[in-house]
Amino acid sequence: MSEAKKMSLTVKVLLGMALGIIVGLVINLTGMNAPGTFINEYIVNGLFHVVGKMFVNALKMLVVPLVFFSLICGVTGIGDIRMLGRVGGKSFALYMMTTAIAIATAILIAVSFGIGEGMDIATNAAFTGKESPPLSQVLIDIIPKNPINSMANGDMLPIIFFSILLGISMLMVGKKAKSFVEGAEIANEIMMKMVNIIMSVAPYAVFALIAKAISILGIDLLQSLAGYVGVLVGALMFHLFITLMIVLKVFSGLSPAMFLKKIRNVQVFAFSTASSNATIPVTMRTVTERFGVNNSVASFTVPFGATINMDGTAIMQGVATVFIANAYGVELGVSGYLTVILMSVLASIGTAGVPGVGLIMLSMVFTQVGLPVEGIGLILGVDRLMDMIRTAVNVSGDATVSSIVAKSEGKMDISVYNDPDAGILDTDEALDIDEAVEAEMKAAVEGTHNK
Ligand code: ASP
């Protein structure tokens, strides 16, 4: 095999991302993105848009069956059912803790930089908030009225609830349910293969998604909001490289350097899709096959984290609150900021990890502390890019907590974690079908037909 062919998928995906940024910038800076031009009509909003959307759809297509089957396997293969409660409790506590630290540091950083002070408020700022569900409704909605409906809508918490309950019931039925359990295991393995297939086209899709996002980005807007963008990105990087890595080291003793090396792929997927939910298949694959986290932990912590854990989003809310409070000359005071922290943490529980949801949460926080919701209009223009970056931080948090919980439960294969090459996906391998297996399957199918 030639060297070029052996290039790992991660490297190809990173290349796709770099090329996407370059092409996007060229299109943006040369004005080729003007409405009505060929590039704008057929490339940016044509080719890039279609390829990108098809890929995001493909990822979303995997999420529900993957979570469903892997959770059944996770529960039935757990060995000790009490572990479920511990995994749930620990991951919930860690997710909430990291989110609270994230927003508290973000507020501290933003306040110390005094961002937004003395700003001329744009008169055309406009944003009308949407409602984020109240906590009572979030709790009620954990129990699905109709699991098929929840699956059709991709509502993660009720799907998690139903799958766990199903797994527990299978264990209770015991021997008679064995073939059902085995079926779920096979289905899980099949879904994981499907993840590989979809991931093998990722380099092109990531290129298309990023080139499109960057080409329509307002570069001048970035400049006028440089203070907000700079502080926000700084706070996000601080959380990713310092806070989360300290939490990882302190709670699990695992190597942060190895973590950061292996998580890159997941971050690029999150960055290009701006959706923790759509990234679930990649997070799940990376955490289990590259980090060595046992499926019994990952099948729960990953989809749970994608839904309730949003460190990056919380950081955006902290920075945006300070920015807009200063811009409007509103004094929030310590109690105001404490309310912001509490509201953001609570809001993260009830809102799914999908693009742009952070802004909805922000409007809820603003209403609560009496900041003008239309102020969000000020930051709207740069929010897509900020969403991409904060989603990468969100999924890194999910993987951090999954690793800590797995390690503490003795459900992590440390030799896999420490092996830099473990679970690396090669594009050719991803699509490999063993000829002998193919022939065997054909014979088996023919055998059934001839009966
Ligand atoms: N896009 C983010 C996520 O999926 C949520 C947000 O900040 O809007 O995690």
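Quantities reported herein were computed from a predicted structural model and do not represent experimental measurements.

Participant: What is the right way to read the overall build of the protein chain from this model?
Facilitator: Counting its regular elements, the protein chain contains 22 helices and 0 strands. For 451 residues, the compact-globule formula gives about 22 Å, and the C-alpha radius of gyration of the protein chain, at 23 Å, lands near that figure. Projected onto its principal axes, the C-alpha coordinates of the protein chain cover approximately 80 × 50 × 40 Å. When the 451 residues of the protein chain are sorted by exposure, 52% land in the buried category. Taking all contacts inside the protein chain whose residues are at least 6 apart in sequence as the whole, residues at least 24 apart take part in 86%. Of the roughly 19900 Å² of accessible surface on the protein chain, a fraction of 65% belongs to carbon and sulfur atoms.

Participant: What am I meant to see in the pattern of salt bridges here?
Facilitator: Here the idea is simple: oppositely charged side chains can pair when their charged atoms come close. Applying the stated criterion across every chain, the model contains 8 salt bridges. Two residues, D80 and R82, come together in a salt bridge whose shortest N-O distance is 3.4 Å. Take R82: its relative accessible area is 62%, and that puts it in the exposed class. With a closest N to O distance of 2.8 Å, E409 and R86 form a salt bridge. In this pair, E409 sits in the loop between α19 (383–408) and α20 (414–418) while R86 sits in helix α4 (residues 82–113), placing the two residues 323 residues apart along the sequence. Since its relative accessible area comes to 12%, E409 is described here as buried. Because the salt bridges share partners, they merge into one network encompassing R86, K90 and E409.

Participant: Can you help me understand helix α12 (residues 256–273) in this one?
Facilitator: Spacing of three or four residues puts side chains on the same side of an α-helix, whose turn is 3.6 residues. Along its 18 residues, α12 runs 25 Å from first to last C-alpha, staying within 8% of the 26 Å computed at 1.5 Å per residue. Along α12, the helix axis deviates most sharply at R264, where the bend reaches about 45 degrees. Taking burial as the measure, the 18 residues of α12 include 13 buried ones, the bulk of the element. One side-chain oxygen at the N-terminal end of α12 lies 3.3 Å from the backbone nitrogen of A257; it belongs to S255. Backbone geometry just downstream of α12 places A274 in the positive-phi region, at approximately 55 degrees.

Participant: Help me understand a negative patch on the surface, please; the structure alone is not making it clear to me.
Facilitator: A surface patch of like charges, here negative, comprises D432, D434, E435, E438 and E440. When you line up the elements, E438 lands in helix α22 (residues 435–450). Using a relative accessible area of 46% as the deciding quantity, one classes E438 as partly exposed.

Participant: Looking at this structure, I do not really get the packing of aromatic side chains. What am I missing?
Facilitator: Aromatic rings considered in pairs are described by the distance between their centres and by the relative angle of their planes. Summed over the entire model, instances satisfying the criterion amount to 11 aromatic pairs. Centroid distance F92 to F304: 6.4 Å. Interplanar angle 35 degrees. Geometry classified as tilted. Here F92, found in helix α4, pairs with F304, found in helix α14 (residues 295–308); they are 212 residues apart in sequence, far enough to count as distant. Here F304 falls in the buried class, since its relative accessible area comes to 11%. Three or more aromatic residues joined by ring pairs make a cluster, and in this case those are F92, Y95, F300 and F304. Of note, K262 hangs over the ring of Y417, and the distance from its end group to the ring centre comes to 6.0 Å.

Participant: Hey, could you run me through the nonpolar core in this one?
Facilitator: One broad trend across soluble globular proteins is that nonpolar side chains are buried collectively. Ranked by size, the top nonpolar core spans 129 residues in total, and within it Y228, F291, V319 and I379 carry the most contacts. One finds F68, C73, M170 and A184 within the second-largest nonpolar core, a separate group that totals 7 residues.

Participant: Just checking my understanding: could you explain unusual backbone geometry for this structure?
Facilitator: It is generally the case that most residues other than glycine have a negative phi and that most peptide bonds are trans. The phi angle at A274 is positive, at roughly 55 degrees, despite the residue not being glycine. Looking at the element boundaries, A274 is found in the loop between α12 and α13 (276–290). On the basis of relative accessibility, which here comes to 1%, the residue A274 falls in the buried class.

How each quantity is defined
Residues numbered from 1 in each chain as written. Predicted model: local features only at pLDDT ≥ 70, side-chain atom pairs only at ≥ 80, totals over all residues. Heavy atoms only, no water. Helix = DSSP H or I, 4+ residues; strand = E, 2+ residues; numbered from the N terminus. Rg over C-alpha atoms; globule rule 2.2 N^0.38 Å. Buried < 20%, exposed > 50% of the residue type's maximum accessible area, 1.4 Å probe, protein only. Contact = heavy atoms within 4.5 Å. Areas by Shrake-Rupley, 256 points an atom, 1.4 Å probe, with all protein chains shown as cover. Salt bridge = Lys/Arg side-chain N within 4 Å of Asp/Glu carboxyl O. Expected span 1.5 Å × (residues − 1). Bend = angle between axes of the 7 residues up to and from the residue. Polar contact = N/O pair within 3.5 Å; in protein donor to acceptor, adjacent residues only side chain to side chain. Patch = residues over 30% accessible without salt bridge, like charges linked within 9 Å, V, L, I, M, F, W, Y side chains within 5 Å. Lys, Arg positive; Asp, Glu negative; His and termini not counted. Charge placed at Lys NZ, Arg CZ, Asp CG, Glu CD. Phe/Tyr/Trp six-rings, centres within 6.5 Å; stacked < 30°, edge-to-face > 60°. Lys NZ or Arg CZ within 6 Å of the ring centre and 35° of its normal. Core = buried A, V, L, I, M, F, W, Y, C linked by side-chain atoms within 4.5 Å.

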